[in-house]
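Inside the fold
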Amino acid sequence: MRNPRTRWAIGAIALLSLSLSACGGSGFDDSGEGDDQESAGPASIKVLIASSGDAETKAVKDASTAWATKSGNKATVTQATDIIQQLGQGFAANTPPDVFYVDAGRFATYASAGNLEPYGDSFEGKDDFYPALRQAFTYDGKLYCAPKDFSTLALQINTKAWKKAGLTDADIPTTWEELAAVAKKLTTGKQVGLALGDTRDRIGAFMVQAGGWVTNKDATKVTADSPENLKALEFVQSLLADGSAKYPKQLDSGWSGEAFGKQKAAMTIEGNWIAGAMKSDYPDVKYTAVPLPAGPAGEGTLAFTQCWGIAAKSKNKAAALDFVKAMTAKDNQLTFAEAVGVMPSRQSVQADYVAKFPQDKAYIDGAAYAQAPVNVAKIDQVLTDFDTGLQGLPKADPKDILARLQKNAQAVVGQ
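Residues numbered from 1 in each chain as written. Predicted model: local features only at pLDDT ≥ 70, side-chain atom pairs only at ≥ 80, totals over all residues. Heavy atoms only, no water.

Moving on: the side chain of Asp98. Considering the arrangement of structural elements, one finds Asp98 in the loop between α3 (83-92) and β3 (99-103). As a buried residue without a salt bridge, Asp98 has its nearest oppositely charged side chain in Lys46, at a separation of 7.0 Å. Filtering out sequence-adjacent residues up to four positions away, Asp98 remains in contact with Ser44, Ile45, Lys46, Gly309, Ile310, Ala311, Ser314, Lys315, Asn316 and Ala320. (Helix = DSSP H or I, 4+ residues; strand = E, 2+ residues; numbered from the N terminus. Buried < 20%, exposed > 50% of the residue type's maximum accessible area, 1.4 Å probe, protein only. Lys, Arg positive; Asp, Glu negative; His and termini not counted. Salt bridge = Lys/Arg side-chain N within 4 Å of Asp/Glu carboxyl O. Contact = heavy atoms within 4.5 Å.)

Here you go:
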């Protein structure tokens, strides 16, 4: 899985392609005869993935080869250079790949355009996927696709800095108040207590802990301008105001993990993907990961996930579905976890995962109370604007930020 801090850059071609795919409901030219017919005999399917690197690409290709050998079918796996653009062009030209990665943040846009086959409700073992992940890929009451894997946020603590400050395991923060206290105690002239990402993908966790979010559960109502969300932004603003927390750019870093690795921050809030960066770039920095502190409404974290999408116009749906079943099987989920650093989306695999990766327990335990990305079609620009507001949070009025988000999001949800 790619680092969720990285935002998709949508070019003009991709936007045009998506707008074309949204036209006419299904997003395709239905004039061709037999477009929906299954191909006879062994199938040859095309698979498009947005890989995090060579390790992920190899893992998927190896699993695909094993599936092909067993099934008698063939799968051609391609690593996307820009999956949004490539999918948009494929949908518009009626030549999409049969199977492809779908990021939760883009899912509703594709589903609303009729580009995805809604196979999820009939998928064998669908209830084994974590509820939050199923919700992430549900649109208009239908589960469209099987969650591929996921990551959540946790609190990373530099154990050397922690001990130097005279803190022990008993001081690990479990509430906002405790987090504020240890962040202040860990702040020195050379190191800030907490490095915090300046977008909804990090600050949003505090909104969940306060009992808020951008929309209600089924994404039919905008709930951005609420007392709960205001309480969350005001708390984050208080940490930034007293200097116990800083954004990465204030620490001359591209993201919080970099600031943490450079030891410019004693704590940070990131996902389990930070392990790879720490191992390769900062191997001498010792740290531990613990659950995020609870807020006024209880525990809360964010989930970042993708699903295995199947094209609505695929001529090889049976083979594509069989491929997805193989990719989400227990053995493959554990293989992908080891190769890529993602966590299995099946609840039945949790015990095996924790036994193999005990250091990730705080992350996978978060699945029980995680909030998936906003599940609304064509809301990208609204959320990007929200991020811009959050980046100005140290001096901006949280009420104004939330009021703007409410207004802009309502315009999209009301379409």
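Of all hydrophobic cores here, the largest spans 79 residues; its most connected members are Leu153, Leu155, Phe206, Met267, Ile269 and Ile379. With seven residues, the single largest contributor to this core is helix α9 (residues 227-241). In contact with Leu155, not counting residues within four places along its chain, are Pro173, Leu179, Leu194, Met267, Thr268, Ile269, Thr288, Ala289, Val290, Pro291, Leu292 and Pro293. Among the nonpolar cores identified, the runner-up in size contains 48 residues, and Val47, Ala50, Ala75 and Val102 belong to it. (Core = buried A, V, L, I, M, F, W, Y, C linked by side-chain atoms within 4.5 Å.)

Running from N to C, helix α16 (residues 380-391) and helix α17 (residues 398-413) point in directions that differ by 175°, and their axes come no closer than 10 Å. Considering their axes alone, α16 and α17 lie roughly antiparallel with respect to each other. Across the interface between the two elements, Val382, Asp385, Phe386, Gly389 and Leu390 from α16 touch Ile401, Leu402, Arg404, Leu405, Asn408, Ala409 and Val412 from α17. Split into classes, the residues belonging to the contact of α16 with α17 amount to eight nonpolar, two polar and two charged. (Axes fitted to C-alpha atoms, helices over the stretch in contact; angles between N-to-C directions. Parallel < 35°, antiparallel > 145°, perpendicular 65-115°, else oblique. Nonpolar A, V, L, I, M, F, W, Y, C, P; charged D, E, K, R; others polar.)

Below, the discussion takes up the state of the cysteines. One covalent bond between the sulfur atoms of two cysteine residues makes up a disulfide. Summed over the entire model, instances satisfying the criterion amount to one disulfide. Shown here is the disulfide that connects Cys145 with Cys307, its sulfur atoms set 2.1 Å apart. Torsion about the S-S bond of the Cys145 and Cys307 cystine: about -80°, corresponding to left-handed handedness. Of this pair, Cys145 sits in the loop between β5 (142-143) and β6 (146-158) while Cys307 sits in strand β11 (residues 301-310), placing them 162 residues apart in sequence. Under the relative-accessibility criterion, Cys307 is labelled buried at 0%. (Disulfide = S-S within 2.5 Å.)

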